[in-house]
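What the coordinates show
One letter stands for each residue in the lines below.
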Number of protein chains: 2
Amino acid sequence: MNDKPQVIRDTDDDARRQARILLRGARFAAIGVIDPETGFPFVSRVLLGMDSDGAAVILVSNLSAHTTALLADPRASLLTGEPAKGDPLAHPRLTLQCTAESVERDSETHLRLRTRFLARHPKSQLYIDFPDFRFFRLRPERASLNGGFGRAYHLSSADFLLPEFTDDLFEDSDALLRELGGRHPDLATRIATDVYQAPHGDWRISAVDSQGLDIVFKDLLIRHEFPVSITTAGELLLELPKSVYAVP
Amino acid sequence: MNDKPQVIRDTDDDARRQARILLRGARFAAIGVIDPETGFPFVSRVLLGMDSDGAAVILVSNLSAHTTALLADPRASLLTGEPAKGDPLAHPRLTLQCTAESVERDSETHLRLRTRFLARHPKSQLYIDFPDFRFFRLRPERASLNGGFGRAYHLSSADFLLPEFTDDLFEDSDALLRELGGRHPDLATRIATDVYQAPHGDWRISAVDSQGLDIVFKDLLIRHEFPVSITTAGELLLELPKSVYAVP
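Just so it is clear, the structure is predicted and the values come from calculations on it, not from any experiment.

**Concerning the side chain of B:His66**
Residues and elements named next belong to chain B. Along the chain, the position of His 66 falls in helix H2 (residues 65-72). Of the residues examined, His 66 reaches a relative accessible area of 5% and is grouped as buried. At 3.3 Å, the side chain of His 66 forms a polar contact with the side chain of Ser 64.

**Re the sheet that holds strand E11 (residues 212-217) of chain B**
Residues and elements named next belong to chain B. Here three strands make up an open sheet; going across it, the order is E10-E11-E12 and the pairing antiparallel. Edge strands, defined here as strands with exactly one partner in the open sheet, are strand E10 (204-209) and strand E12 (220-225). Geometrically, the sheet is characterised by an average inter-axis angle of 20° between neighbouring strands, direction not taken into account. Looking at chain direction, E11 and E12 are connected through six bridges and run antiparallel. Looking at the pairing, Ile 215 lines up with Ile 222 of E12. In the packing of helix H3 (residues 108-120) onto the sheet, the strands contacted are E10, E11 and E12, and the crossing angle to E10 comes to about 140°.

**Thoughts on the side chain of B:Arg20**
Residue and element names in this part refer to chain B. Counting through the fold element by element, Arg 20 comes out in helix H1 (residues 13-24). Owing to a relative accessible area of 14%, Arg 20 belongs among the buried residues under this scheme. If we skip the residues at most four places from it in the chain, Arg 20 touches Gly 25, Asp 159, Phe 160, Gln 211 and Glu 225.

**Re the pairing of strand E9 (residues 152-156) of chain B**
All names here are of chain B. In this structure, strand E1 (residues 8-9) lies alongside E9, joined through two bridges in parallel fashion. Residue pairing for E9: Arg 9 is matched across the bridge by Tyr 153. Both strand E8 (residues 133-146) and E9 contribute to a ladder of five bridges, which runs antiparallel. Within E9, the residue paired with Arg 142 across the bridge is Ser 156.

What counts, and at which threshold
Per chain, residues are indexed from 1 in the order of the written sequence. Going through the entries in the order they are written, you letter the chains from A and number the ligands from 1. Only residues with pLDDT of at least 70 are given local features in this predicted model, and only at 80 or more are side-chain atom pairs given and counted; all residues enter the totals for whole chains, interfaces and linings. Heavy atoms from the whole structure form the basis of all side-chain values; hydrogens and water molecules are not counted. We count a stretch as a helix when DSSP gives it H or I for four or more residues in a row; a strand needs E for two or more, and each element gets its number in order from the N terminus. Exposure is judged per residue with a 1.4 Å probe applied to protein chains only, and the accessible area is read against the type maximum: over 50% gives exposed, under 20% gives buried, and values in between give partly exposed. Identification of polar contacts relies on pairs of N or O atoms within 3.5 Å, with a donor-acceptor requirement for protein atoms, meaning one able to donate a hydrogen and the other able to accept it, and with residues adjacent in sequence counted only if both atoms are side-chain atoms. Each pair of strands is called paired provided DSSP finds at least two bridges between the two strands. A fitted line through C-alpha atoms serves as each axis, taken over the contacting stretch for helices, and the angle formed by two N-to-C directions is quoted from 0 to 180°. The contact criterion used throughout is that any non-hydrogen atoms of two residues lie within 4.5 Å.

So, to be careful, I would describe these as geometric facts and stop short of saying anything about function.
This is the structure we're talking about:
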């Protein structure tokens, strides 16, 4: 509703969950970097991806102002949580402060990010392999959640860390994704329409991890966080139907 | 469409016009400031107003992180131009770099900003007079316009300067607004629906200046820039019907 002074509340699991959904469910973000020429902040817009450890990921041109800035100073901030209709300050939003790590082309990390980014943003195939494009991982340092009216929280880097599965039942998350798709071909559409009342369509799972699923359809993205973290990929396959329909 | 490297084009009047509309037509913005504790950028969301000289205006709580930061370091950046459906990077957006000037309470500037901000954001009356709220004027220094696909431009502070009327036919812009409303009671609705195909409703003019009109209805705001600047308030009253329907 407004920019009213807010007492910072004690961070609880609901706040952590809301913060994670605001970050992980964002297709794009406002990114703030420090302009190396003037020292002024510089805010622009980027598509957002996620790495398997919970770091945010951006794919940017070497010629863009934010790339030049991040190579000179890796300190960055992301704002996610887009207002819909009504008062823009009534909508929950997350300010993340993060450190940018440039990803070397053709490294293992690059290949992993490429696969994940393409699954989330299929249209990026038009330019993802251009030689002057690069990924940055944005490692969370701390964050502020404004959950609406008098609901302000501070979060730490640990709150955004994504625990990896403790088993290696599948050689990579892509194989797990295929197994999941094979077992439950209509799962993504059921989550989208039954749980989130999203429009019907050809929804698919673009990522799966120990804390949830990303499901996408055209320009829509839903982050479905599980009620509790799941420890192993094996457990995920067993527990999934329960987790999908239990929305706290 | 993407973050493709863009040759910077020569800034022309169309680019200036698009940049001004992106700034002046924004109800809210992402604001980037420098966190005084860590030196990291910090991006959050603010409601946006405009002063009579073209400076951006924000109304913020003394307890908010961006206020603390701006009092320590006045360098700021605004991102405006919200994506609708589709590719978020296909939508025009503006990065403004600006210097924040804190406005003293009960100064002439404060009273002017209060009137203008209320006309633009009527719901701010709930907190605009809280003693711990303050206005900042954000004086444009330079900007980058990303007008979509390969349309990148640099802009200077002069491109955002709003020339004031050279006559003093009305003691203040509020009186001019009343005169305009008296002469053309249905003008705002006609502009909104005829020129911009906006929904029908009780549209009203919230601000008028030498380069255009702001018209508002509920949570909608349209910035209508005139094809050419108008020099005097007297000329404005004569020229307005022409200006309203001439959209370049």
